[in-house]
Every structure is written in structure tokens, then in C-alpha cells.
Amino acid sequence: MTEVLRVENVTKRFGGLVAVDHFVGYARQGELLGLIGPNGAGKTTLFNVITGMYAPDEGRIVFLGKDISGHKPYEITRSGIARTFQNIRLFSDMTVLENVMVSQHLKLRSWLWLFRSIAKTPGSIRMEKQMHKEAIKLLERVGLETFASEKASSLPYGLQRKLEIARALATKPKLLLLDEPAAGMNPQETYELMEFIKKVRDDFSLTIMVIEHDMKVIMGICERIYVMDYGKLIAEGNPRQIQSNPAVIKAYLGEEVLL
Amino acid sequence: MGKMLSNGVKFLLTTLLIIAIGFLLFVANKTASEYVILILNLMAINIIFAVSLTLINGITGIFSLGHAGFIAIGAYVSTLLTLPVAQKEMTFLIKPLIYPLNQIQLPFLPATIIAGLIAAGFGYVVAAPSLRLIGDYLAIATLGLGETIRIIANNAWSITNGALGLKAIPPYTNIYWSWGWAFATVFVIASLVKSSYGRALKAIREDSIAAKAMGINVFSHQVMSFVLGSFFAGVGGALWAHLITTIDPKSFAFTKTFEILIMVVLGGLGSISGAIIGASIYTVGLEFLRVLESPFKFGFINFPGIPGMRMVVLSVLLIILMLFWQRGIMGRNELSWDLLYGFVTKRLKKRGGKND
């Protein structure tokens, strides 16, 4: 399998705090990866570095053979990495359909489209129709089509999470980063989400990386797991290996004290 | 949402509406008094100001308070281009006007467009550094910037004639120029907002971090919005100068910005139709309130005419409006044929139900 993402010795510091400390990892085409660790381990910071929200202080990030470290977030999204956020960040005053259509804006790369849109040229009307059609199709694929004209903020919590994933999918990514998708969900919603993530990976032939605290989700869907603690990578392996890894148990439960 | 009208019907209705407004304006231009025509002109210019500020403040969410500055640039640039050469010599008494401005005289249309372009250029120069700030800081920076432009106008004697201002500007602005430009402004900004770019701008307003993550170049879109808004502010300034025929730096103090902000907030921050409604109500309402400034009888009580009374009443009305209608008349909704159609059909159904 081909390698999609390679993170080489990435370090990110905030003043004296080393949030990500020489992290090394990779993702292969079609993999479903987990990224776990105690609170403050640097998982979200690593996502932020990969998506360009922060530039790495050291090391580099290679995506599809190209060095993308230090690129702007919108450039990275255009090159094929999409993400969701830990605290939902939908465009809450816009409709579900508009939320998805915003992600298609990256098709209009040239500023000529601005003049075409204002003048309503046939080309721009065609483009608009095509965006609309594709957005509806995407909503149908994820089962949100009935809510298309509802405001995003009026959706129930679980569906807002789903819409965030749909919105990320609309950028046509090759790699999808999910930051705690199951946070705040009840067991039923969590179960549905797990099925949904697997389905999305297969339907859209994606590589997915998930940060999650719910071990049921991680152990249930991930094929390979990275464990971080204090910014450092402390373990890597499949769910069974991780569950029995002493370093991981130490990070989560503390050291066993023999009396 | 109710039933939708087809695009063809909507296009037809819009065309009819524009023709109807055009016809009314034509009749007004022929028959109405000079006073009414002045108000109609002011209304159109205020619509231009309010809609251009809506693009920046309401749609993109850049809280700019520098609009008066761009209006000033538009007014001064266009005036310096249209003022007859002889008039320039007579006006600039303290310091003569610099070359080549003292030699040129252009027709109104090119002068207006150049005024808009130069305002847009200033918008670009200003936007690049100040958009690094967000929220209140950006508001303060743009406020300071608008004041800076006014103070430069106050002191650059050889270009703006300083505090004396410019007089005897040819009164080129008529109903056709002002409403023509108002239609153009609304058309351009409404088409932009309805397009993919409009969605991107709204996404930036809602959550700029998420917008970045969805592949939108947030900074360049903000700059685009600011520049386009400044262009129309400059055009509006040009029309305004050629309507009132005298300008001086005092007319572009920050109260001008707040006046426009009132129109925009009154109509609903983030709605173009709201901005149009707000500008119209503000312009006409202020004239109706003029009766308060002349002596009048209310029942048995005699009121003496107090100058400035209408501003007091207007402020109270605005406070009441804000208490009961926090998001303005339209909120963030747009007046559309679908909305109107839904409203009418609902009414008819109700009436039909009652008759049964």
C-alpha cells in the first residue's frame, strides 16, 4: 500500500512547553488510524500542525510525496487534507446545504470567477448548478438530505457532528482528520458514528485518522494506533498490542507501586 | 419554506419591478418638487453607502468604522476632476492646486469611476495591514483610519483646499445618475453575495478558522470584500459631492460613518434588502421628523420649534427598535419573491379558510 502521509520528527513548541516532541509517523492509503493519549498529550496540536494551523518548529510533513510543512491551511486543504474540530465549528447561521457548498468554493481558484459570478455568465451559472447538485448528492450519501434547508445550528448534536464530516468530505480529501468525533455522544450515537466512519472510509476511499478518548471507538474501528504522552510518541501498534503495552498502561493509569 | 417560484417568473417579476421603479422615478423627475427630488437622490446615495457597508460589516463580518474616509476620498477625487479650471483657480486662494489637477476637467461618469477606483485602492492599502487585527481592534483601527483621511483633507491645502472645502461643484447628480448607480451597486453586491463567493464570505463571518480549514483563503477574501465596499463608497461619495455641491472635511467626520451604520443596523446587519430598507426609512424618516423642529400644536399644547429635536426623537425611536427588534427589520434574511409569495399564499389560504 502506498504511503499517503509521513510525519518526520515534527516538533511544536509554545514558549517552554513542547506540545509535540519529535513525532514520527505515517499513514498508508486506506488505513483507519487512531491517535490517543491522555489530555494535553499534544494530539490536537499534531492535527493543527498537519493541517497548517501551526507551522512545525522542527521536522517536516510529507503528503503524497510533497513537503507541505509550513503551508497555509487553505493550501493544505486544497491539496487534499480535510478535518473536523474538537468543538463543533459549523457555519451555524447558514443552512446545511450551504455549509457543504462552502467547501466546494475551493474549485474557484482563479479570481476570474469573481467577475464571472458577478456578471452571472453561463459558465458561472453552470458551476453553481453543479456545486448544488454535488452538495445534494453528498448529503444523500451521508443521509442528511432531508435537512438540506435547515439551519446548521438547528440540527441535533449527533447530526451536527455528521454534517461536519460531510462538510470536510465536500473538499474531496484524500486524508480525513477527525478530532474527537464521538465527544458528547450517547452509546447509540457512538455506535452509529463508528459504522458511519467505516462506511465513509470505504465509500470515499479515504485514509482516516481519528483522535478519540472513547476506547470503544478506537479499539472498534482503528487498524493501527499511535499513543502520545507529553508530546512524545510512546507506542504504536494494532489495538491488541496497544491494550497490553506497559508504556500505554503507565500513561493512562500511572505506575504500579510495589509495596 | 412553502412553494417556490420558478426562476423565469422571478426574473420577470424583478424586471417588472425595476421598470416600475424606473417609471416612478421618471414621473417624479418630471413632476415632483425640487425638495422631493433631493430626497430621492439622497435616498439612492444612502442606499449605495448602506449596501456597500453591509458587504463589509454584515456579510464578511469585518467591523469597519472607516466608511466615511472612503466616501471622502470619492467626493474629493471626483470633485477635483469635474470642477472647471476657472473655478479651481477661484477656490484655491490660500495655496494653488497642484499640477496636473489644476489643468484637467473630466465628464461626470469617468470622474465617478476614477473616484471609486482610487477609494478602492486606498481600501486595498488599508485592508492589508488592518485585517491582521480582529474584532474590536479592527473597528478601532478603521475608525482611526477614517479620521486620518479627514485630517489629511483638513491640512493638505494644495489638494483639498483644507478646512475651506470645495465650493460651486457642478450639480451633475440627478435621479438617473444616483438611482442608476444604486441599482448597479445592489446588482453587483447581491450577485456576489448569492454566488459561491458570498457563501465563502459568510463562512468567514461565522467561523474564520473553519473557513480556512475548508480551503478558503480568508485573508484575500476579506480584502476583496473591503476593496469592493470601498469602491462603491467612493462612487457614493462622488454622487453626494455633486448633489450637495459643497464639501469640506467636517462633512466626513465619523458621525457620517455612524449614520450609515444606523441605516445598516436598522435594516438588519447582514441583509442587503435590509440595508436598502434601512437607508430608505432613515432618509425619509429624518425628513418627516422635520416637523418637530418647527413650532407645532399637539392638542392644546404648543411646542416651540427646537433645532435638533428630530435627532433626539430619532435616537429614542432607534433605542425602542433595538429593544424589541434586536436584529433589525430584516435580521439576516433577504426579501425575496419566494418569501413574498409564501406570505401572500398563506394570507389567501387563511382568508379562504375563514370564508368556508
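Before reading further, recall that the structure is shown in the block above.
For clarity, every value in this text was computed on a predicted model and none was experimentally measured. Numbering of residues starts from 1 in each chain and follows the order in which that chain's sequence is written. Just so you know, chain letters begin at A and ligand numbers begin at 1, following the order they were written in. Since the coordinates come from a predicted model, pLDDT governs what is reported: local features require at least 70, and pairs of side-chain atoms require 80 or more to be given and counted, while whole-chain, interface and lining totals use all residues.

K.L.:
Teacher, can you tell me more about the overall build of chain B here?
P.N.:
A helix here means a DSSP run of H or I that spans at least four residues, while a strand means a run of E at least two residues long, and both kinds are numbered starting from the N terminus. Helices and strands together make up the secondary structure of chain B, namely 15 helices and two strands. Here the globule rule is a power law, 2.2 Å times the number of residues to the power 0.38, and the radius of gyration is based on C-alpha atoms. In terms of overall size, chain B behaves like a compact globule, its C-alpha atoms giving a radius of gyration of 22 Å where 356 residues would be expected to give roughly 21 Å. Looking at chain B residue by residue over its 356 residues, the buried ones come to 42%. Exposed residues have 12 or fewer other C-beta atoms within 10 Å of their own C-beta, buried residues have 20 or more, and residues in between are partly exposed; the C-beta atoms are placed from the backbone.

K.L.:
Looking at this structure, how should I read the interface of chain B and chain A?
P.N.:
Size of an interface, as often reported, equals the accessible area lost when the parts are brought together. By definition, residues are in contact whenever their C-beta atoms, placed on the basis of the backbone, come within 7 Å of each other. Tallying the contact residues gives 23 residues for chain B and 29 residues for chain A. Broken down by secondary-structure element, the contributors of at least two residues to the side of chain B that touches chain A are helix H8 (175–194), helix H9 (196–206) and helix H10 (208–213) of chain B. Only Asp, Glu, Lys and Arg are considered charged, only Ala, Val, Leu, Ile, Met, Phe, Trp, Tyr, Cys and Pro nonpolar, and every remaining residue, Gly among them, polar. A breakdown of the residues in the side of chain B that touches chain A according to their chemical character gives twelve nonpolar, five polar and six charged.

K.L.:
Looking at this structure, how should I read the nonpolar core?
P.N.:
Residues and elements named next belong to chain B. A set of buried Ala, Val, Leu, Ile, Met, Phe, Trp, Tyr and Cys residues, joined through C-beta atoms within 7 Å, is what we mean by a nonpolar core. In terms of nonpolar packing, the biggest core is built from 157 residues, with Ile 48 and Ala 50 touching the most fellow members. At 14 residues, helix H2 (residues 34–59) tops the list of elements feeding residues into this core. Contact partners of Ala 50, with chain neighbours within four places excluded, come to Ile 260, Met 263, Val 264, Gly 267, Ala 275, Gly 278 and Ala 279.

K.L.:
I tried to follow the pairing of strand S9 (residues 224–229) of chain A on my own but got confused; where do I start?
P.N.:
Along any regular strand, the residues point their side chains to alternate faces of the sheet. Residue and element names in this part refer to chain A. Extensive coverage of S9 is indicated by the burial of five of its six residues. Only strands that DSSP links by at least two bridges are regarded as paired with each other. Pairing between strand S3 (residues 32–36) and S9: four bridges, direction parallel. Its bridge partner being in S9, Leu 33 is matched across the sheet by Arg 224. As paired elements, S9 and strand S10 (residues 232–237) share five bridges and run antiparallel to each other. Residue pairing in the sheet places Val 227 in a bridge with Ala 235 of S10. Between S9 and S10, which follow one another and run antiparallel, lie two residues, and Tyr 230 among them has a positive phi close to 45 degrees.

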